[in-house]
Amino acid sequence: MSEPKKLFIKTYGCQMNVYDSERMAEAMGAEGYVTTEVVEDADMVLLNTCHIREKASEKLFSDLGRLRPLKDARPDLKIGVAGCVAQAEGAEIQRRMPLVDIVVGPQAYHRLPALVRAKGPQVDTDFPPEDKFDHLPERRALRGPTAFLTVQEGCDKFCAFCVVPYTRGAEVSRPVARILSEARDLVSRGVREITLLGQNVNGYHGEGVGGAWTLGRLIRALADVDGLDRIRYMTSHPNDMDDDLIAAHGDVPQLMPYLHLPVQSGSDAVLKAMNRKHTRDQYLRLIDRFRSVRPDLLLSSDFIVGFPGESDADFFDTLDLIRQVGFGQAFTFKYSARPGTPAAEKAPVEAAVADERLQVLQTLITEQQRAGQQAMVGRDVGVLYEKSGRQPGQMVGKSDHLHAVHVDDPVGKVGELVRVRVLASGSNSLSAVRIS
Ligand code: 5AD
Ligand code: SF4
């Protein structure tokens, strides 16, 4: 029997890409490919790219450069570029890097097997009329008790800095029935926690019984799936929050007490220039509503510093908002001008100023993150074991609040959902002992 062909995938960027990489691996699995972690062993290398910031996109070209000796040694090695850089740059990628055989966009990757079979360079960056999810094999590439499930793609918000509406296209929601059946299938394969994904996941409006469903309604239906113990979702936009989703945080026990709600800036002037269409105050009031139904909610956000026109006073407003809210975690970015976006036309903030702001912001976020972790010490929390720890008798998993937790538990097994008592807080994780 001949050896199966091997596929090496590298994923850049967000969780949506992690999900897409799994689905592409499954699509190629149907063609007889198995995945490998060793690039030198691969018959095909697939780079699933991110275009969100300049650095993310440049990584692709340096990685392609590093693949050249492999391709020279084995010209039949297939090299594919998927994801948002593929969508944005298309055939330009092959002009710059002729070693690339296939360029495939995020809406066309169900056609990847056909592109691989075809001879000569291939480019497919269509937004085809058919739904790719209807043309993909079942989920198989699962690694443990947690899984991502994309329920919504694309974005109609057009924040002035962001390429997503151009690379991922308009907001589209998958039908309820498809999502529920994918969730049941995941649970039958041992998954106990599902994170619902979408660029604007809380703008979900998929067709269900009786018309379009909201994310809140979808979460309530998922909570009825036997064996699904934990539900999370990301990423949300403040303007798409509705009463039912907020209420779900108070009355759906499976919905974990964690919310990633990007605000980007605490300055009304910057929010306006970013085309966010909400004010600082509206964001703060929204947070109050969440906390009134779920006081222990851990909040996370995204922040951009150095957006064109951001003054010192604007930046102080951001710091002030962070102090008012108290985040358990946050992602901080220096503004990066993206070609084709409205903000890229404007004069940038001086690099040294933006660098300094980023430092200050990160310091404050780290302080809050540490304080949030410290506040967990002595508390009992749920942890879902994802793997064994480095120390003997140790298990590693995530708490309800998405803290990484190392648990002393010589009898623990991957996939167990246990209660633990938190004993200490380290720099990036908690340590705990099992109590149930
Ligand atoms: N520059 C810097 N950060 C950006 N983000 C999106 N576009 C840019 C950009 N051009 C950040 C936002 C978003 C997160 C996914 O990436 O904070 O929420
Ligand atoms: Fe980008 Fe804004 Fe859409 Fe988020 S909401 S994907 S930041 S355009």
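Below you will find a few notes about this structure. Only a predicted model underlies this, so the values are computations on that prediction, with no experimental measurement involved. Residue numbers run consecutively from 1 along every chain, following the written order of its sequence. For naming, the first written chain is A and the first written ligand is 1, with later ones following in the order written. For this predicted model, a pLDDT threshold of at least 70 governs which residues receive local features, and a threshold of 80 or more governs which side-chain atom pairs are given and counted, while totals over whole chains, interfaces and linings are taken from all residues. Excluded from the side-chain calculations are hydrogens and water; all other atoms, namely the structure's heavy atoms, are used.

## Thoughts on the pattern of salt bridges
Reasoning step 1: Salt bridges are identified by distance alone: a Lys or Arg side-chain nitrogen within 4 Å of an Asp or Glu carboxyl oxygen. One pass over the full model with this rule turns up 42 salt bridges.
Reasoning step 2: With a closest N to O distance of 2.8 Å, Lys334 and Asp355 form a salt bridge. One end of the pair, Lys334, is in strand S16 (residues 329-334); the other, Asp355, is in helix H13 (residues 351-374), and 21 residues separate them in sequence.
Reasoning step 3: When a residue's accessible area, from a 1.4 Å probe over protein chains only, is under 20% of the maximum for its type it is buried; when over 50% it is exposed; and in between it is partly exposed. Given a relative accessible area of 32%, Lys334 falls into the partly exposed group.
Reasoning step 4: Between Glu416 and Arg434 there is a salt bridge; the shortest N-O distance is 3.1 Å. Residue Glu416 is located in the loop between strand S19 (404-408) and strand S20 (417-425), and its partner Arg434 is located in strand S21 (residues 430-434); the two are separated by 18 residues in the primary sequence.
Reasoning step 5: Each of Glu22, Arg23, Glu26, Arg139, Arg174 and Glu182 takes part in one network of salt bridges that share partners. Helical segments are the DSSP runs of H or I of at least four residues, strand segments are the runs of E of at least two, and each set is numbered from the N terminus.

## Structural notes on the site of ligand 2
Reasoning step 1: By convention in these notes, a residue is near a molecule or strand provided one of its non-hydrogen atoms lies within 4 Å of it. In the vicinity of ligand 2, the contacting residues are Cys155, Lys157, Phe158, Cys159, Phe161, Cys162, Val164, Pro165, Asn200, His237 and Arg276.
Reasoning step 2: Three classes are used: nonpolar for Ala, Val, Leu, Ile, Met, Phe, Trp, Tyr, Cys and Pro, charged for Asp, Glu, Lys and Arg, and polar for all others, with Gly counted as polar. By residue class, the composition of the shell around ligand 2 is seven nonpolar, two polar and two charged.

## Brief notes about the side chain of Thr36
Reasoning step 1: Along the chain, Thr36 falls in the loop between strand S2 (33-35) and strand S3 (44-49).
Reasoning step 2: Thr36 sits in the buried class, given a relative accessible area of 11%.
Reasoning step 3: Any pair of nitrogen or oxygen atoms within 3.5 Å is treated as a polar contact; in protein, a donor-acceptor pairing is required on top of that, and neighbouring residues in sequence qualify only through side-chain atoms on both sides. A distance of 2.9 Å separates a polar side-chain atom of Thr36 from the backbone nitrogen of Val38.
Reasoning step 4: What makes two residues a contact is simply this: any of their non-hydrogen atoms within 4.5 Å. Setting aside chain neighbours within four positions, we find Thr36 in contact with Lys6, Leu7, Phe8, Asp41 and Ala42.

## A short note on unusual backbone geometry
Reasoning step 1: Cis rather than trans, the peptide bond between Met234 and Thr235 has omega equal to 0°.
Reasoning step 2: When you line up the elements, Thr235 lands in the loop between strand S13 (230-234) and helix H9 (243-251).
Reasoning step 3: One non-glycine residue, Leu402, lies in the positive phi region at around 70°.
Reasoning step 4: Along the chain, Leu402 falls in the loop between strand S18 (394-399) and S19.
Reasoning step 5: Residue Leu402 is classed as partly exposed on the basis of its relative accessible area of 30%.

## A few points about the packing of H9 against helix H11 (residues 280-293)
Reasoning step 1: Running from amino to carboxyl end, H9 crosses H11 at an angle of 35°, the nearest separation of the two axes being 7 Å. In contact with Asp243, Ile246, His249 and Gly250 of H9, H11 contributes Leu286, Arg289, Phe290 and Val293.
Reasoning step 2: Its residues placed into classes, the contact of H9 with H11 shows four nonpolar, two polar and two charged. Each axis is a line fitted through C-alpha atoms, and for a helix only the stretch in contact is used; angles between axes span 0 to 180 degrees, taken between their N-to-C directions.

## Some points on the sheet that holds strand S5 (residues 102-104)
What holds strands together in a sheet is hydrogen bonding between their backbones, with the strands either parallel or antiparallel.
Reasoning step 1: Here, any two strands with at least 2 DSSP bridges between them count as paired. In spatial order, the strands read S2-S1-S3-S4-S5-S6; together these six strands make up an open sheet with parallel pairing. Bordering the open sheet on either side are S2 and strand S6 (122-124), each of which pairs with just one other strand. Across the sheet, the mean angle separating the axes of adjacent strands is 20° when strand polarity is ignored.
Reasoning step 2: Here strand S1 (residues 5-11) runs beside S3; their pairing, made up of five bridges, is parallel. Bridge pairing in S3 places Thr11 opposite Asn48.
Reasoning step 3: Across the sheet, helix H2 (residues 54-73) touches S1, S3 and strand S4 (78-82), and the angle it forms with S3 is around 175°.

## Overview of the site of ligand 1
Reasoning step 1: Neighbouring residues of ligand 1: Ile52, Arg53, Phe161, Gln264, Asp302, Ile304, Phe333, Lys334, Tyr335, Ser336 and Arg338.
Reasoning step 2: Residue Gln264 places a side-chain N or O atom 2.6 Å away from an oxygen atom belonging to ligand 1.
Reasoning step 3: Accessible areas in this description were obtained via Shrake-Rupley with a 1.4 Å probe; residue shielding takes into account the shown protein chains only. When isolated, ligand 1 has an accessible area of 400 Å², and the protein chains bury 87% of it.
Reasoning step 4: A per-class count over the shell around ligand 1 returns five nonpolar, two polar and four charged.

## Details of H2
Reasoning step 1: A rise of 1.5 Å per residue sets the reference length of H2, with its 20 residues, at 28 Å; its end C-alpha atoms lie 31 Å apart and thus fit the reference within 8%.
Reasoning step 2: Taking the largest bend as the criterion, H2 deviates by roughly 35°, centred on Leu67, and proline Pro69 comes between one and four positions later.
Reasoning step 3: Of the residues making up H2, those classed as buried are Ala56, Ser57, Leu60, Phe61, Asp63, Leu64, Leu67, Leu70 and Lys71.
Reasoning step 4: Where H2 is buried, its residues touch S1, S3, S4, helix H3 (83-89) and helix H4 (92-96). The length a helix should cover is 1.5 Å for every residue beyond the first. To get the bend at any residue, fit one axis to the seven residues that end at it and another to the seven that begin at it, then take the angle between the two axes.

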